[in-house]
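Structural characterization, general
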Amino acid sequence: MFDKERVSEIFGNIMSDYKEEDRFINIVETCEQPNSDEVRTILLKLLELVFPGYYKDRFYHFYTLDSRLNVLLEDVLYNLSKQIECALMQKEEYKDAPCNSLSDEAEKLCLDFLSSFPKIRSYVETDVRATFDGDPAAFNYMEIILAYPGILAIASYRIAHELYELGVPMIPRIMTEYAHSKTGIDINPGARIDKYFFIDHGTGIVIGETCVIGKNVKIYQGVTLGALSTRGGQRLAGVRRHPTIEDNVTIYSGASILGGDTVIGHDAVIGGNSFITSSIEPYSRVSIKNVEHDIKSGREKEITSGEIGG
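Residues numbered from 1 in each chain as written. Predicted model: local features only at pLDDT ≥ 70, side-chain atom pairs only at ≥ 80, totals over all residues. Heavy atoms only, no water.

**A word on the packing of helix α2 (residues 36–50) against helix α8 (residues 171–183)**
For the pair α2 and α8, interaxial distance at closest approach is 9 Å and the crossing angle is 70 degrees. What the angle tells us is that α2 and α8 run roughly perpendicular. Listed contacts from α8 to Ser-36, Val-39, Arg-40, Leu-43, Leu-44 and Leu-46 of α2 are Ile-171, Ile-174, Met-175 and Tyr-178. Taken together, the residues of the contact of α2 with α8 break down into 8 nonpolar, 1 polar and 1 charged. (Axes fitted to C-alpha atoms, helices over the stretch in contact; angles between N-to-C directions. Helix = DSSP H or I, 4+ residues; strand = E, 2+ residues; numbered from the N terminus. Parallel < 35°, antiparallel > 145°, perpendicular 65-115°, else oblique. Contact = heavy atoms within 4.5 Å. Nonpolar A, V, L, I, M, F, W, Y, C, P; charged D, E, K, R; others polar.)

Printed below as a string of C-alpha cells:
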C-alpha cells in the first residue's frame, strides 16, 4: 500500500497549487470555456448532416430519413449553442458577463451557422468530385467519403470555417485540430479555400490561417503553405502571413510556399520539394534540378559452399 502520509502531503501540495492566483491553467469554472470532447462529438454529428448516408449513429433507429435528421438537427442545435455560449466568454467584450447570459447571442450564431449548411454541402460535394476525377486509384465516390483522409480534413475545415467567419472563437480550431489528429492534415479554419479542392494522400500538409486558395487546386502530401517567420508572435495576429494559390494550381509533395506576399499564379505547377518565398507567374513550371545520384550495387560476389574456408 502507498504511504498514507506521503499521499496526503502530495494531495495537499497539489490543492495549494490550484489556489495560486493569476494562473490561466487554474480555471475550473466549466462554463468559462468550451468542452473539447463535446465539440468533437458535435463535429461528428455535423459530418453526419453533410453525409447523411455515411455517418450513422448505431444506437438510434428511425423509420424515415426526415425523422432521423430532425432529431440530429435538434441535438446539434442544443449542444452547439451551449458550446458557443461558453466560447463567447473568451471574447474581450464578454469577459465579465455572467454564466448563461449569452444564450440569445449563441442561439443566433448557431442558427446562422446551420443556415449555411446547404453551402457547406455544395462545396464538399465539389471536393469529393475533384478527388475522384484526380485520383485514378479511387473506386467510386463512396470509397472517397468513407476512406480518404483528405475528405475528412476538408469537410471538417468547411464546417469550422463557417463558424470562424461568424466570429465564434476556439470551437473552429478544436474541430480542425481533431481532423488534424486523425489525418495528419492541418488546415487552419481561417484559411479561405474555394471549390473543387483535392488533397492527395495528405499526411503532413499545413495550410495557414491567412492562406487563400482558388478553385481546382491539387495538393500532395507534405506541402506547407505557411508564414515566412512567426518570430513576431502575437504582433502578427490579423496580419496577412500566408500565400495565395490561384485557380488550377498543382503543388507536388514536400513543397513549401511561404509568405503573405507570395502569389502562385493560376495554372502553375510546383514541383516536389520546391522552396518558394516569392510570387510565381501563371502557367509556370517550377522544379528542382535533378540531383546526381551515386548508386552502388548491393550485390556481393556469390560464394559457393566449396569456397568457404578454402
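**So, the pattern of salt bridges**
Counted according to the given criterion, the structure contains 10 salt bridges. Across the pair Arg-40 and Asp-37 runs a salt bridge whose closest N-O atoms are separated by 2.3 Å. Of this pair, Arg-40 and Asp-37 both sit in helix α2, 3 residues apart, roughly one helical turn. A relative accessible area of 26% places Arg-40 in the partly exposed class. Residue classification places Asp-37 among the partly exposed positions, given a relative accessible area of 48%. (Salt bridge = Lys/Arg side-chain N within 4 Å of Asp/Glu carboxyl O. Buried < 20%, exposed > 50% of the residue type's maximum accessible area, 1.4 Å probe, protein only.)

**Overview of the sheet that holds strand β4 (residues 206–207)**
Taken in spatial order, the 5 strands of this open sheet run β1-β4-β7-β10-β13, and their pairing is parallel. Two strands lie at the open edges of the sheet, namely β1 (186–187) and β13 (275–276), each paired on one side alone. Across 2 bridges, the pairing between β4 and strand β7 (residues 224–226) is parallel. The partner of Ile-207 across the bridge, within β7, is Leu-225. (Pairing = 2+ DSSP bridges.)

**Quick look at the sheet that holds strand β8 (residues 244–245)**
With parallel pairing, the 4 strands of this open sheet are ordered in space as β2-β5-β8-β11. Only two strands of the sheet have a single partner each, and these edge strands are β2 (192–193) and β11 (263–264). Of the pairings in the sheet, the one linking β2 to strand β5 (residues 212–213) comprises 2 bridges and is parallel in character. The residue of β5 that forms the bridge with Arg-192 is Val-212.

**Observations concerning α2**
Compared with an ideal rise of 1.5 Å per residue, which puts 15 residues at 21 Å, α2 spans 21 Å between its outermost C-alpha atoms and is within 8% of the ideal. Three or more residues of α2 are buried, namely Val-39, Ile-42, Leu-43, Lys-45, Leu-46, Leu-47, Glu-48, Leu-49 and Val-50. A side-chain oxygen of the first residue of α2 lies 2.9 Å from the backbone nitrogen of Asp-37; this N-cap is Asn-35. (Expected span 1.5 Å × (residues − 1). Polar contact = N/O pair within 3.5 Å; in protein donor to acceptor, adjacent residues only side chain to side chain.)

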